[in-house]
Amino acid sequence: MRDPVDPAPFAAGPDAAPVVVSSVRGSFPWSVLAERHPAIVRKVRDAFPYGPGQRHALDALLENCAEGVVEPLAEPAADRARWDAWGGREHYGRSWFDVPFLWAESYFYRKLLEAVGYFTPGPWQGIDPFRPFKLAELDTPEADEELAALDDLAHRPAGEQEEALLHGSLWGNRADLGFRLSGTGSGTADGSRLVADDAGVLRSLFAGGTLCLVADNAGRELVPDLLLVDHLLRHGRAGRTVLHVKPYPYYVSDATAADVLDALRRLTAAKGAAGEAGNRLWAAMSEGRLTVRAHPFSCGPLPYTDLPEDLRREFAAADVTLLKGDLNYRRLIGDRLHPATTPFAAATARFPGPVATLRTLKSDVVVGIAPAVEAALDAAEGDRWRTGGTHALIQARRG
Ligand SMILES: O=P(O)(O)OC[C@@]1(O)O[C@H](CO)[C@@H](O)[C@@H]1O
């Protein structure tokens with residue numbers, strides 16, 4: 001039974017709200033393209049002994065991002081036709097700042113991989129330009145502490161464990177490298193920073209069937225995600241889990257299948273409860289109760305209203321599709337500036353099946369915020385609560 005939806009916010013239809021663009025100088029989207037992306041290109045260039053050809057291509061990308069226009073992928077890119085169909089034909093030739101923010105950001109990462117030869121046959125093919133940053137995250141004293149804390153949690157009742165692991169997965173989203181490489185973002189994991197909390201609805205959707213978890217970042221976000229998955233599989237709260245990751249490196253820290261293996265090995269190498277969870281996850285993957293998918297659409301520049309039919313069917317059949325992180329949230333609500341008080345159920349009405357999100361707020365779009373909460377946050381923080389990574393939300397809609 002679908003939650004009652006107030007049609008008022010969409011009297012003009014769910015696409016009435018304006019799409020986020022990057023053309024307003026000084027805005028958050030503008031700063032991502034004008035400041036964050038050049039910083040990421042420089043970090044990547046300095047992180048590898050790339051040859052002259054790659055360094056020239058990276059410098060050309062830097063210049064193109066700042067002053068140039070969106071250019072097609074260089075032939076013979078295997079996915080050129082796909083990007084043409086994803087909006088490239090409409091956007092090629094336009095300034096990066098004049099196309100939808102979601103499209104410009106997503107395509108930037110695809111052009112970055114082109115510059116370093118990620119798809120080009122040869123020694124650099126398949127070398128993840130963000131891997132140094134991802135791995136550095138996994139081997140830290142903080143990661144050791146987080147894993148050690150599981151030994152105490154293991155003695156708590158299953159319900160308490162689930163609540164704690166759900167929050168671990170939520171706040172793991174704060175560890176977003178794209179966010180950190182440009183030196184912004186902090187946040188505390190205390191409850192006061194939750195601007196919406198549908199944890200009860202979300203937990204009621206763990207019904208022992210299929211959980212689709214659409215992952216976000218690798219490293220210190222993916223490890224808590226995997227620990228939550230272990231708990232749900234172990235306690236019969238999910239019969240199987242399909243973990244959706246990216247088919248290639250994306251948004252600096254987004255997880256690929258290689259990152260799942262790194263996170264899994266980090267767990268199996270740990271002592272105590274963390275190691276036991278790692279071994280259970282390893283067995284679950286071997287037995288097909290935990291499967292990893294890397295669908296091309298997961299690196300697409302489009303909202304989830306454009307889901308391809310196979311994903312639409314998969315999500316519709318799941319107990320719940322749990323979307324992690326800010327980028328997935330933006331794609332879920334169309335990267336549109338809906339009024340923050342727009343009901344989550346209304347803004348996500350076209351997503352197939354029950355859907356939920358665990359997200360720290362790192363970009364302007366948000367829905368499902370109570371009017372009094374929005375007013376209090378605006379009064380206390382101005383707009384910072386929307387993009388600072390200091391606040392988070394748990395939102396869910398039954399099918
Ligand atoms: O999906 P994540 O990892 O939580 O966050 C990704 C993201 O916040 O990083 C960009 C800024 O660098 C945003 O535009 C984008 O939404």
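Rules used throughout
- Residues numbered from 1 in each chain as written.
- Predicted model: local features only at pLDDT ≥ 70, side-chain atom pairs only at ≥ 80, totals over all residues.
- Heavy atoms only, no water.
- Helix = DSSP H or I, 4+ residues; strand = E, 2+ residues; numbered from the N terminus.
- Rg over C-alpha atoms; globule rule 2.2 N^0.38 Å.
- Buried < 20%, exposed > 50% of the residue type's maximum accessible area, 1.4 Å probe, protein only.
- Contact = heavy atoms within 4.5 Å.
- Areas by Shrake-Rupley, 256 points an atom, 1.4 Å probe, with all protein chains shown as cover.
- Pairing = 2+ DSSP bridges.
- Axes fitted to C-alpha atoms, helices over the stretch in contact; angles between N-to-C directions.
- Core = buried A, V, L, I, M, F, W, Y, C linked by side-chain atoms within 4.5 Å.
- Domains from an automatic or database assignment.
- Buried area = accessible area lost by both parts, 1.4 Å probe.
- Salt bridge = Lys/Arg side-chain N within 4 Å of Asp/Glu carboxyl O.
- Parallel < 35°, antiparallel > 145°, perpendicular 65-115°, else oblique.
- Left-handed = near helix turned anticlockwise from the far one by under 90°.
- Nonpolar A, V, L, I, M, F, W, Y, C, P; charged D, E, K, R; others polar.
- Near = heavy atom within 4 Å.
- Polar contact = N/O pair within 3.5 Å; in protein donor to acceptor, adjacent residues only side chain to side chain.
- Expected span 1.5 Å × (residues − 1).
- Disulfide = S-S within 2.5 Å.

J.: I'd love a proper account of the overall build of the chain, names of residues and values included.
T.: Scanning the chain from N- to C-terminus turns up 17 helices and seven strands. The C-alpha atoms of the chain give a radius of gyration of 20 Å, which matches the 21 Å a tight globule of 399 residues would have. If you line up the chain on its principal axes, its C-alpha atoms span 55 × 50 × 40 Å. Burial statistics for the chain: of 399 residues in total, 55% are counted as buried. Once local pairs closer than 6 in sequence are excluded, the contacts in the chain between residues at least 24 apart make up 78%. If you sum the accessible surface of the chain, you get close to 15,800 Å²; carbon and sulfur atoms cover 55% of it.

J.: Residues and numbers for the sheet that holds strand S2 (residues 210–214), please.
T.: The seven strands are arranged S1-S7-S6-S5-S2-S3-S4 in an open sheet whose pairing can be described as mixed. In this open sheet, the two edge strands, each paired with only one partner strand, are strand S1 (194–197) and strand S4 (290–293). Direction aside, the axes of adjacent strands within the sheet are offset by 15 degrees on average. Bridge count for strand S6 (residues 355–360) against strand S7 (residues 392–397) is six bridges, and the pairing is antiparallel. When the sheet's bridge partners are listed, Thr 360 is paired in S7 with Ala 392. Each of S2, strand S3 (240–244), S4 and strand S5 (320–324) touches helix H13 (residues 309–317); the most contacted strand, S3, lies at about 145 degrees to it.

J.: Tell me what's going on with the nonpolar core, and back it up with residues and numbers.
T.: The tendency in soluble globular proteins is for nonpolar side chains to be buried as a group. Formed by 72 residues in total, the largest nonpolar core has its most connected members in Tyr 109 and Leu 112. With eleven residues, the single largest contributor to this core is helix H4 (residues 101–116). For this core, the two domains that each supply at least three residues are domain 1 (19–116) and domain 2 (137–397). Core analysis: the second largest hydrophobic core is formed by 48 residues, Leu 150, Phe 206, Ala 215 and Ala 218 among them.

J.: Which residues make up the domain arrangement of the chain, and what values go with them?
T.: Per the domain assignment, the segments making up the chain are domain 1 (19–116) and domain 2 (137–397). Taking only C-alpha atoms, the centre of domain 1 and the centre of domain 2 are 26 Å apart. On the side of domain 2, 28 residues touch domain 1, which itself brings 19 residues to the contact. Taken together, both faces of the contact between domain 1 and domain 2 bury some 2,000 Å²; the carbon and sulfur share is 69%. Interface area lost by domain 1 to domain 2 is led by Arg 36, Trp 86 and Leu 102, which between them contribute 31%.

J.: I'd like to hear about the pattern of salt bridges, residue by residue, with values.
T.: Taken as a whole and judged by the stated rule, the model has 28 salt bridges. In this structure, Asp 262 and Arg 131 form a salt bridge, with 2.7 Å as the shortest nitrogen-oxygen distance. Taken as a pair, Asp 262 in helix H11 (residues 257–268) and Arg 131 in helix H5 (residues 131–138) lie far apart in primary sequence, 131 residues in all. Ionic contacts of the salt-bridge type, sharing partners, join the residues Glu 162, Glu 163, Arg 203 and Arg 237 into one network.

J.: Before we move on, could you go through the packing of H5 against H11 and cite the residues and values that matter?
T.: Two numbers describe how H5 lies on H11: the axes approach to 11 Å, and their chain directions differ by 20 degrees. By the angle class used here, H5 and H11 are roughly parallel. Classified by chirality, the crossing of H11 by H5 is right-handed. Along the contact surface, H5 presents Arg 131, Lys 134, Leu 135 and Leu 138, while H11 presents Asp 259, Asp 262, Ala 263 and Arg 266. Its residues assigned to classes, the contact of H5 with H11 shows three nonpolar, no polar and five charged.

J.: Just give me the short version of the site of the ligand, but keep the residues and values in it.
T.: Taken together, twelve residues lie around the ligand, and Arg 36, Glu 105, Asp 326, Leu 327 and Lys 362 are the ones closest in. With respect to the ligand, the side chain of Arg 330 contributes an N or O atom lying 2.9 Å from an oxygen atom. A distance of 2.6 Å is found between an oxygen atom of the ligand and a side-chain nitrogen or oxygen belonging to Lys 362. Mapped onto the shell around the ligand, the elements with two or more residues apiece are H4 and helix H14 (325–332).

J.: Could you give an account of helix H2 (residues 52–67), with specific residues and numbers?
T.: Relative to the 22 Å expected for 16 residues at 1.5 Å per residue, H2 spans 22 Å between its end C-alpha atoms, a close match to the ideal helical length. Residues of H2 that are buried: Gln 54, Leu 58, Leu 61, Leu 62, Asn 64 and Cys 65.

J.: Help me get a handle on the state of the cysteines, residues and values and all.
T.: Defined simply, a disulfide is a covalent bond joining two cysteines at their sulfur atoms. Tallied over the entire structure, the rule returns zero disulfides. The thiol of Cys 212 is unpaired, and the distance to the nearest cysteine sulfur, on Cys 299, comes to 17 Å. Not part of a disulfide, Cys 299 finds its nearest cysteine sulfur in Cys 65, a span of 17 Å.

J.: Lay out helix H3 (residues 80–91) with the relevant residues and their values.
T.: Here H3 is twelve residues long, yet its end C-alpha atoms lie only 14 Å apart, well below the 16 Å a rise of 1.5 Å per residue gives. Residues of H3 that are buried make contact with H4. Positive phi appears at Gly 93, one or two residues downstream of H3, with a value of about 95 degrees.

J.: Hey, could you go over the side chain of Asp 259 for me, with residue numbers and the actual values?
T.: Tracing the backbone shows Asp 259 in helix H11. When near neighbours in sequence (up to four residues on either side) are disregarded, Asp 259 contacts Asp 128, Lys 134, Ala 218, Leu 222 and Asp 254.

J.: Give me the lowdown on the packing of helix H1 (residues 28–47) against H4, citing residues and values where you can.
T.: Contact geometry for H1 and H4: axes closest at 11 Å, N-to-C directions at 15 degrees. The angle between H1 and H4 falls in the class roughly parallel. Relative to H4, the crossing made by H1 is right-handed. In contact with Phe 28, Pro 29, Val 32, Leu 33, His 37, Ile 40, Val 41 and Val 44 of H1, H4 contributes Phe 101, Ala 104, Glu 105, Phe 108, Tyr 109, Leu 112 and Val 116.

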